[in-house]
Amino acid sequence: EQAKVVVHDKKQEVEEIVEKVELMEHELKPETAPITVEEQKEEKEKEEAIVEKTVEHELGIDKWCGSCQWKDMNFNCDKRVSWLMERYHIDELEAKEASLDQGCHTRRNLRGT
């Protein structure tokens, strides 16, 4: 549950920044503003990709290896993430964030916790 809140808050923070930057860009260069529905859809998809990558970077998930051992178990972090996603019906970012905080030895060391 905590991972869900962390990911949600970070996404919201990044989305606000991306929206402000795009607004400023369109004010400075009105010709860059999307006009057609197709252009608007394309811009929205680009925004979502930027937000996703930024959130991954901010949370340290962009350096995910997945092959490290989870806690002292006989499976790796990728297996743990798959199980969390299936069991709790959460997205991959939330599952990775939860795994990092709960038992990934490699990433916990990189995060300094």
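First, a word on what this report is: a plain description of the structure on this page. (Residues numbered from 1 in each chain as written. Predicted model: local features only at pLDDT ≥ 70, side-chain atom pairs only at ≥ 80, totals over all residues. Heavy atoms only, no water.)

Considering the overall build of the protein chain
Filter applied, for reference: Segments assigned H or I by DSSP are reported as helices when at least four residues long, segments assigned E as strands when at least two residues long, and all are numbered from the N terminus. With the radius of gyration taken over C-alpha atoms, the globule rule is written as 2.2 Å times the number of residues to the power 0.38. Accessible area is worked out with a 1.4 Å probe on protein chains only. A residue is then buried under 20% of its type maximum, exposed over 50%, and partly exposed in between. Should any heavy atoms of two residues lie within 4.5 Å, those residues are counted as being in contact. Using a 1.4 Å probe, accessible areas were evaluated by the Shrake-Rupley method; residue-level cover was limited to the displayed protein chains. Counted as positive: Lys and Arg. Counted as negative: Asp and Glu, with His and the chain ends omitted from the count. To locate a charge, take NZ of a lysine, CZ of an arginine, CG of an aspartate or CD of a glutamate.
Looking only at helices and strands, the protein chain features five helices and zero strands. Starting at the N terminus and walking to the C terminus, you meet the elements of the protein chain as α-α-α-α-α. Here the C-alpha atoms of the protein chain give a radius of gyration of 17 Å, more than 25% beyond the 13 Å that 2.2 N^0.38 yields for 113 residues. Seen through its principal axes, the protein chain has C-alpha atoms that stretch 55 × 30 × 25 Å. The proportion of buried residues among the 113 residues of the protein chain is 31%. A fraction of 54% describes how many contacts in the protein chain between residues 6 or more apart in sequence connect residues 24 or more apart. Accessible surface, the protein chain as shown: approximately 8100 Å² in total, 51% of it carbon and sulfur. Between the mean site of the 18 positive side-chain charges and the mean site of the 29 negative ones, the protein chain shows a separation of 8 Å.

Things to note about the packing of helix 2 (residues 37-59) against helix 4 (residues 92-102)
The axes of two packed helices give the description: the angle between them and the distance between them. Our working rule: Working convention: axes come from line fits to C-alpha atoms, limited for helices to the stretch in contact. Angles between N-to-C directions cover 0 to 180 degrees. An angle below 35 degrees is treated as roughly parallel, one above 145 as roughly antiparallel, one from 65 to 115 as roughly perpendicular, and anything else as oblique. Residues were grouped as follows: Ala, Val, Leu, Ile, Met, Phe, Trp, Tyr, Cys and Pro as nonpolar; Asp, Glu, Lys and Arg as charged; and all remaining residues, including Gly, as polar.
Between helix 2 and helix 4, the least distance of the axes is 11 Å, while the angle of their chain directions is 5 degrees. Compared by their axis directions, helix 2 and helix 4 come out roughly parallel. Residue-level inspection shows Glu52, Val55, Glu56 and Leu59 of helix 2 in contact with helix 4, the latter providing Leu93, Glu97 and Leu100. Residue composition of the contact of helix 2 with helix 4, grouped by class: four nonpolar, no polar and three charged.

Observations concerning the packing of helix 1 (residues 2-28) against helix 2
Condition: Working rule for handedness: look at the near helix, and if it is turned counterclockwise from the far one by less than a right angle, call the crossing left-handed; if clockwise, right-handed.
In contact at an axis separation of 9 Å, helix 1 and helix 2 are set at 130 degrees when each is read in the N-to-C sense. For the element pair helix 1 / helix 2, the angle class is oblique. For the pair helix 1 and helix 2, the sense of crossing is right-handed. Contacts between helix 1 and helix 2 pair Val6, Val7, Lys10, Lys11, Val14, Glu15, Val18, Glu19, Glu22 and His26 from the former with Glu43, Glu47, Ile50, Val51, Glu52, Thr54, Val55, Glu58 and Leu59 from the latter.

Notes on the pattern of salt bridges
Where we set the bar: Here, a salt bridge means any side-chain nitrogen of Lys or Arg that lies within 4 Å of a carboxyl oxygen of Asp or Glu.
With the rule as written, the count across this model stands at seven salt bridges. Residues Glu13 and Lys10 are paired through a salt bridge, measuring 3.6 Å at the closest nitrogen-oxygen approach. Of this pair, Glu13 and Lys10 both sit in helix 1, three residues apart, which is roughly one turn of that helix. For Lys10, a relative accessible area of 16% corresponds to the buried category. Lys10 is the salt-bridge partner of Glu58, the closest N and O atoms lying 3.6 Å from each other.

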